Amino acid sequence: DFWLKSLKLRELYGSKKDIAGVLQNIGNVYFKIANYQKALEYYFKAIKYLEQTEENFLINISLNSIGYVYFELKNCAMKPAAEPMKVCVQCASRG
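## Thoughts on the packing of helix α2 (residues 16-32) against helix α3 (residues 36-50)
For the pair α2 and α3, the least separation of the axes is 8 Å and the interaxial angle reads 165°. In this view, α2 runs roughly antiparallel relative to α3, as classed from their interaxial angle. The crossing of α2 and α3 is left-handed. Contacts between α2 and α3 pair Lys-16, Lys-17, Ile-19, Ala-20, Leu-23, Gln-24, Ile-26, Gly-27, Asn-28, Tyr-30 and Phe-31 from the former with Tyr-36, Lys-38, Ala-39, Tyr-42, Tyr-43, Lys-45, Ala-46, Tyr-49 and Leu-50 from the latter. Of the residues assigned to the contact of α2 with α3, the class counts are 13 nonpolar, three polar and four charged.

Spelled out as structure tokens, the structure:
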């Protein structure tokens, strides 16, 4: 509940980086309670905001979180991870 209120405030007054940080934290909460689909939803939302910034390190944190979810789901198929993997490679090539 706290994080959802924080998200509303960040959407009104924060930067894209701030909004992404709150989305990442909401994803972390869902991850901790094993609601992996919801966690993925928020991690991907965070990435959408971060892609509009130069925050490559933070994008990689979100991608890492997505990897943990897929590991927990025992879903090692490359298809769901292909798009985040492309973004990670692009970030790495930018430095």
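That covers the picture; the talk isn't over yet.
## Some thoughts on the pattern of salt bridges
Following the criterion strictly, the structure yields three salt bridges and no others. Across the pair Glu-55 and Lys-17 runs a salt bridge whose closest N-O atoms are separated by 4.0 Å. Of this pair, Glu-55 sits in the loop between α3 and α4 (56-72) while Lys-17 sits in helix α2, and the two are 38 residues apart along the sequence. Using a relative accessible area of 26% as the deciding quantity, one classes Glu-55 as partly exposed.

## A look at α2
The periodicity of an α-helix, 3.6 residues per turn, causes residues three or four positions apart to be oriented the same way. If you check α2, its first and last C-alpha atoms are 24 Å apart, about what 17 residues at 1.5 Å a residue would give, namely 24 Å. Ile-19, Ala-20, Val-22, Leu-23, Gln-24, Ile-26 and Gly-27 are the residues of α2 that are buried. Tucked inside the fold, the buried residues of α2 contact α1 (2-13), α3 and α4. Of the residues flanking the end of α2, it is Ala-34, one or two places downstream, whose phi is positive at about 65°.

## A word on the packing of aromatic side chains
Throughout the structure, instances matching the rule amount to two aromatic pairs. Between Tyr-30 and Tyr-42, the aromatic rings sit 5.7 Å apart at their centres with planes inclined by 15°, giving stacked as the arrangement. With a gap of twelve residues between them, Tyr-30 in helix α2 and Tyr-42 in helix α3 connect regions that are remote in the sequence. A residue is classified by how much of its surface remains accessible, and Tyr-42, at 9% relative accessible area, is buried. It is Lys-45 that lies over the ring of Tyr-42; its NZ or CZ is 4.8 Å from the centre.

## Some remarks on the nonpolar core
By size, the foremost hydrophobic cluster in this structure holds 19 residues, and its most contacted members are Leu-7, Leu-23, Ile-66 and Val-69. When contributions to this core are tallied by element, the ones reaching two or more residues are α2, α3 and α4. Counting residues per element, this core draws most heavily on α3, at eight residues. Not counting chain neighbours up to four residues away, the residues in contact with Leu-7 comprise Ile-19, Val-22, Leu-23 and Ile-26.

## So, the packing of α2 against α4
Contact pair α2 / α4: the axes reach a minimum separation of 11 Å and the direction vectors enclose 15°. Our classification of the angle between α2 and α4 gives roughly parallel. Taken as a pair, α2 and α4 cross one another with a handedness that is left-handed. Contacts between α2 and α4 involve Lys-17, Gln-24, Asn-28 and Phe-31 from the former and Leu-58, Ile-61, Ser-62, Ser-65, Tyr-68, Val-69 and Glu-72 from the latter. Here the residues of the contact of α2 with α4 are counted per class, giving five nonpolar, four polar and two charged.

What counts and how
Residues numbered from 1 in each chain as written. Predicted model: local features only at pLDDT ≥ 70, side-chain atom pairs only at ≥ 80, totals over all residues. Heavy atoms only, no water. Axes fitted to C-alpha atoms, helices over the stretch in contact; angles between N-to-C directions. Helix = DSSP H or I, 4+ residues; strand = E, 2+ residues; numbered from the N terminus. Parallel < 35°, antiparallel > 145°, perpendicular 65-115°, else oblique. Left-handed = near helix turned anticlockwise from the far one by under 90°. Contact = heavy atoms within 4.5 Å. Nonpolar A, V, L, I, M, F, W, Y, C, P; charged D, E, K, R; others polar. Salt bridge = Lys/Arg side-chain N within 4 Å of Asp/Glu carboxyl O. Buried < 20%, exposed > 50% of the residue type's maximum accessible area, 1.4 Å probe, protein only. Expected span 1.5 Å × (residues − 1). Phe/Tyr/Trp six-rings, centres within 6.5 Å; stacked < 30°, edge-to-face > 60°. Lys NZ or Arg CZ within 6 Å of the ring centre and 35° of its normal. Core = buried A, V, L, I, M, F, W, Y, C linked by side-chain atoms within 4.5 Å.

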